[in-house]
Amino acid sequence: MLQRCIQNGDHLTGRAHHCAILKTGNCLDLFAHNVLLNLYVNGKSLTDARKVFDEMPERNTISFVTLIQGYAQSSDFVQALDLFSRMRQAMVTPNQYTFASVMQACASIEAVELGTQVHCHVLKLGFLEDIFITNALMDVYAKCSLIENSLTLFLGSSITNDVSWNTMIVGFVHAGDFDSALSFFKDTLECHNVQPTEVTYSSALCACASLAALDPGTQIHCLTMKTTYDKNTVVGNALIDMYAKCGSIKDARLVFNGLTKNDEVSWNAMISGYSMHGLGGEALKVFDMMQETDVRPNQMTFVGVLSACSNGGLLSKGEAYFKSMIHDHGIEPCVEHYSCMVWLLGRLGHLDRALKLIKEMPFEPSLMAWRALLGACVIHNDVEIGKLCAKHILEIDPQDESTHVLLSNMYARTRRWANVATVRRSMKTKGLNKEPGLSWIENQGTVHYFTVDDASHPDKKMIYGMLEWLNMKTRQESYSPDRNAVLRDIEDDQKERHLWVHSERLALAFGLIKTPSGSSPIRIIKNLRICADCHAVMKLISKIVKRDIIVRDMNRFHHFENGLCSCGDYW
């Protein structure tokens, strides 16, 4: 009767049978106890399941694995691992299902030491040939940032399936090795016994988004259109994110509009995408559309909305949405929301109000909030508040490299070279190095990287020749170098030369050489914030060469077209 209740999902009747058993005083044997245990685990009544388990006169492998699986499936991973420990103490032999659930728990809480011990047990008991066990072990190592161990298991496995391949692709993405993730994805397509799933496609698209690799992302989109995943929401959300992060916000919107069902991730991805591109008005329109559906905004929604306001300098709207989030939607502000508001106030020059907001936070101010205010202080040359921000950040994290750099830049902008030297000495003492400026551009499937004053590229002669030509043409358009953008105590002529060898200009010159006139936009990625002089030059060059130029810096996208930028010179 208990088994029939489990099969029918009738847990209430099963509970009634249990009551009848208790009232009549009937004793259950081990098999019946295990069925009863399974009834409660199946019905998500883990408290009752644990009570049954603790009162069992004897237990076997099935007893332990049933409850361990229940805890793992309910995300109570600590209890699952604790019960596994008791199982080993009781000298009960685990089976493959035990190991699969235990490794799921290890992966979820990144318990790499215990995962390694479980790996040893698996080897001793000879379960490594079981593909489910191998896949679970690969997942443990991947989620614990030991992707090399996962790769060793994968290569040593005689049998692989779609879960094996997906685990490796997801693992490489988690480890930040996006090139390897895409390489594995390509190999998956050539593997006849493996069919890509929504996990395969969405993970590969995530790798493309992180690399800002539009061409591979577009090719993957074409592949999905030949499958049943064309309108899949998970894959569609990954496509929206990929196109937005690769600078093609129009394509992101086309995918969004074409989805059969938009869930909260779809809406959030579209709102954040518009925000990232400095299109605050469009982001807020999408948010208004979202509120007309049955999808409720969540914390991430308002991070996107407030980011849109801060990127566009929309103070009154930002303050209104912040209040609405609390009073109308019942969402308590988190660190990200406060940081958006601090940047919104600070970027507009309301530094005292931004500082007041940080002090009024209902929790300890985070690094993110202090960094936002410090960045605003650098822009507005407010040394006193900037020093205060740096003090708080370095108290939390004395090794924070970016704070030392921002502090040095703030002193340099105000020509306090002695202070700049002091900060740089401090960095040297602490063993900190400034992150070098790096820009990259994709051409015919190959990514080309450039640093400041880079002379390592095979086409360096043509690149520097193009820079000379651009320098001449921009000066004819009344371009005057902004020497204040060079935060070094050097002569003016050296500053001018230094500006023209910034990494993004080298990447632009390469793009102009390698792509035909009138073709698709030139897309450049930069790891740092674009400087004011490069921003001005990019606007002019877009007009001179009649090409659209898209630059993604560490904060947002800039679309340069016919002498104008999508940010409206506010970034």
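Calculation notes
- As a convention, each chain's residues are numbered from 1 in the sequence order in which they are written.
- Local features in this predicted model are restricted to residues of pLDDT 70 or higher, and side-chain atom pairs are both shown and tallied only at a pLDDT of 80 or more, whereas totals for entire chains, interfaces and linings draw on every residue.
- Heavy atoms throughout the structure, all of them, feed into the side-chain values; hydrogens and water do not.
- UniProt positions are given in the numbering used here, feature names are shortened, and annotations may be inferred rather than shown by experiment.
- Numbering of helices and strands runs from the N terminus, with a helix taken as a DSSP run of H or I at least four residues long and a strand as a DSSP run of E at least two residues long.
- Three labels apply to residues, based on accessible area from a 1.4 Å probe with only protein chains included: buried if under 20% of the type maximum, exposed if over 50%, partly exposed otherwise in between.
- Whether two residues are in contact is decided by their heavy atoms, any of which lying within 4.5 Å being enough.
- Here the accessible surface of atoms and residues is derived via Shrake-Rupley with a 1.4 Å probe, and residues count as covered only by protein chains that are part of the display.
- A helix is expected to reach a length of 1.5 Å times the quantity of its residues less one.
- Stacked, tilted and edge-to-face are the three classes applied to pairs of Phe, Tyr and Trp rings, where Trp contributes its six-membered ring and a pair requires centres within 6.5 Å; stacked means planes under 30 degrees apart, edge-to-face means over 60, and tilted covers the rest.
- We call a charge positioned over a ring when the NZ of a Lys or the CZ of an Arg lies within 6 Å of the ring centre and within 35 degrees of the ring normal.
- Two N or O atoms count as a polar contact when they lie within 3.5 Å, although within protein this holds only if one can serve as hydrogen donor and the other as acceptor, and sequence-adjacent residues are included solely when both atoms are side-chain atoms.
- DSSP bridges decide pairing: two strands pair if at least two such bridges lie between them.
- Axis lines are fitted through C-alpha atoms, for helices just across the contact stretch, and the angle between N-to-C directions can take any value from 0 to 180 degrees.
- In what follows, roughly perpendicular refers to angles from 65 to 115 degrees, roughly parallel to angles under 35, roughly antiparallel to angles over 145, and oblique to any angle outside these ranges.
- For any pair of crossing helices, the crossing counts as left-handed if the nearer helix is rotated counterclockwise from the farther one by less than a right angle, and right-handed if it is rotated clockwise.
- The residue classification treats Ala, Val, Leu, Ile, Met, Phe, Trp, Tyr, Cys and Pro as nonpolar and Asp, Glu, Lys and Arg as charged. All others, Gly included, are polar.
- Among buried residues, those of type Ala, Val, Leu, Ile, Met, Phe, Trp, Tyr and Cys that are joined through side-chain atoms within 4.5 Å constitute a nonpolar core.
- Basic side-chain nitrogens of Lys or Arg form a salt bridge, by our definition, when they fall within 4 Å of a carboxyl oxygen of Asp or Glu.

If you look the protein up in an unreviewed UniProt entry, it shows as DYW domain-containing protein from Linum tenue. A UniProt comment under Sequence similarities (unreviewed entry) is attached to the protein, and it reads "Belongs to the PPR family. PCMP-H subfamily."

Participant: Describe the overall build of the protein, and please don't skip the residues or the numbers.
Facilitator: When you go through the protein residue by residue, the secondary structure sums to 30 helices and six strands. Considered along the principal axes of its C-alpha atoms, the protein spans approximately 95 × 55 × 55 Å. Counting across all 571 residues of the protein, residues that qualify as buried make up 51%. Taking contacts inside the protein between residues at least 6 apart in sequence as the whole, the part at least 24 apart equals 62%. Taken as a whole, the protein presents about 27600 Å² of accessible surface, with 52% of it coming from carbon and sulfur.

Participant: So, the UniProt feature "repeat: PPR" (unreviewed entry) in the protein: which residues are in play, and what are the values?
Facilitator: Per the UniProt record, "repeat: PPR" (unreviewed entry) is annotated on residues 29-59, 60-94, 161-196 and 263-297. In residues 161-196, helix accounts for 75% and strand for 0%; the two terminal C-alpha atoms are 10 Å from one another. For the annotated span residues 263-297, helix accounts for 71% and strand for 0% of the residues, and the straight-line distance between the end C-alpha atoms is 10 Å.

Participant: Report on helix H25 (residues 401-413), specifying residues and quantitative values.
Facilitator: The first and last C-alpha atoms of H25 sit 19 Å apart over 13 residues, in line with the 18 Å expected at 1.5 Å per residue. Of the residues making up H25, those classed as buried are Thr403, His404, Val405, Leu407, Ser408, Asn409, Met410, Tyr411 and Ala412. Looking at the buried side of H25, the elements it contacts are helix H23 (367-380), helix H24 (383-396) and helix H26 (417-430). Phi turns positive one or two residues past the end of H25, at Arg415, with a value near 60°.

Participant: Can you tell me about the packing of aromatic side chains, naming the residues and giving the values?
Facilitator: Scanning the model with the defined rule gives 17 aromatic pairs in all. Ring geometry for Phe154 versus Trp165: centroids 5.0 Å apart, planes at 80°, classification edge-to-face. One end of the pair, Phe154, is in helix H10 (residues 147-156); the other, Trp165, is in helix H11 (residues 162-175), and 11 residues separate them in sequence. Note on accessibility: Phe154 and Trp165 belong to one class, buried. Through pairs of rings, three or more aromatic residues link up here, namely Phe154, Trp165, Phe172 and Phe184. Stacked on the ring of Phe53, the Lys or Arg Arg59 has its end atom at 4.7 Å from the ring centre.

Participant: I'd like a description of the environment of Asn232, backed by residues and values.
Facilitator: With respect to the secondary-structure elements, Asn232 resides in the loop between helix H14 (214-224) and helix H15 (233-245). Asn232 gets classed as buried once you look at its relative accessible area, which sits at 17%. Expressed as a C-alpha distance, the spacing of Asn232 and Leu259, which sit 27 residues apart in the sequence, is 7.4 Å. Beyond its immediate chain neighbours, meaning those up to four positions away, Asn232 contacts Glu198 and Leu259. Side chain to side chain, Asn232 and Glu198 meet in a polar contact 2.9 Å long.

Participant: Break down the sheet that holds strand S6 (residues 564-565) for me, with residues and values.
Facilitator: Taken in spatial order, the six strands of this open sheet run S2-S1-S3-S4-S5-S6, and their pairing is mixed. Of all strands in the sheet, those with a lone pairing partner are strand S2 (446-451) and S6, marking the two edges. Alignment of strand S4 (residues 549-552) against strand S5 (residues 557-561), held across four bridges, turns out to be antiparallel. Bridge pairing links Arg552 to Phe557 in S5.

Participant: Summarise the side chain of Thr188; cite the residues concerned and give the values.
Facilitator: Structurally, Thr188 is set in helix H12 (residues 178-190). What makes Thr188 buried here is its relative accessible area of 1%. At 2.8 Å, the side chain of Thr188 forms a polar contact with the backbone oxygen of Phe184.

Participant: I'd like a description of the packing of helix H7 (residues 96-108) against helix H9 (residues 131-143), backed by residues and values.
Facilitator: One way to put it is that H7 packs onto H9 with a least axis distance of 9 Å and a crossing angle of 15°. Taken together, the axis directions place H7 and H9 in an arrangement best described as roughly parallel. As H7 runs across H9, the sense of the crossing is left-handed. Where H7 approaches H9, its residues Gln96, Phe99, Ala100, Met103, Cys106 and Ala107 are matched on the opposing element by Ile133, Ala136, Leu137, Asp139, Val140 and Lys143. For the contact of H7 with H9, the per-class residue count stands at nine nonpolar, one polar and two charged.

Participant: Tell me about the nonpolar core, and please be specific about residues and values.
Facilitator: In terms of nonpolar packing, the biggest core is built from 137 residues, with Met242 and Leu373 touching the most fellow members. With eight residues, the top contributor of residues to this core is H23. Residues in contact with Leu373, not counting those within four places in the same chain, are Val342, Leu351, Ala354, Leu355, Ile358, Ile385 and Cys389. One finds Leu508, Leu540, Ile549 and Cys567 within the second-largest nonpolar core, a separate group that totals 34 residues.

Participant: Break down the pattern of salt bridges for me, with residues and values.
Facilitator: For side chains bearing opposite charge, pairing can occur when the charged atoms are close. Enumeration according to the criterion identifies 15 salt bridges in this entry. Here Asp54 and Arg86 are joined by a salt bridge, their closest N and O atoms 3.9 Å apart. Of the two residues, Asp54 is situated in helix H4 (residues 46-55) and Arg86 in helix H6 (residues 77-89); the sequence distance between them amounts to 32 residues. Residue Asp54 is classed as partly exposed on the basis of its relative accessible area of 41%. The salt bridge partner of Lys539 is Asp569, with a shortest N-O separation of 2.9 Å. Of this pair, Lys539 sits in helix H30 (residues 532-544) while Asp569 is found in the segment after S6, placing the two residues 30 residues apart along the sequence. Its relative accessible area of 16% is what places Lys539 among the buried residues. Through salt bridges with shared partners, a single ionic network connects Arg50, Asp54 and Arg86.

Participant: If you had to explain the side chain of Asn95 to someone new, which residues and values would you point to?
Facilitator: By the element assignment, Asn95 lies in the loop between H6 and H7. Apart from residues no more than four positions distant in its own chain, Asn95 is found in contact with Thr61, Val65 and Phe127.

Participant: Hey, could you go over the environment of Gly70 for me, with residue numbers and the actual values?
Facilitator: By the element assignment, Gly70 lies in helix H5 (residues 61-73). Taking the C-alpha atoms as reference points, Gly70 and Leu406, separated by 336 residues in sequence, lie 50 Å from one another. Setting aside anything within four residues of it in sequence, one finds Gly70 in contact with Val41 and Leu46.

Participant: How would you sum up the pairing of strand S1 (residues 438-443)? Please name residues and give values.
Facilitator: Where S1 meets S2, six bridges bridge the pair, whose relative direction is antiparallel. Bridge pairing in S2 places Ser439 opposite Phe450. Count of turn residues in the S1/S2 antiparallel hairpin: two residues, of which Gln444 carries a positive phi of about 55°. The sheet contact formed by S1 and strand S3 (residues 522-526) spans two bridges and is antiparallel. Each residue of the ladder has a partner; that of Trp440, found in S3, is Ile525.

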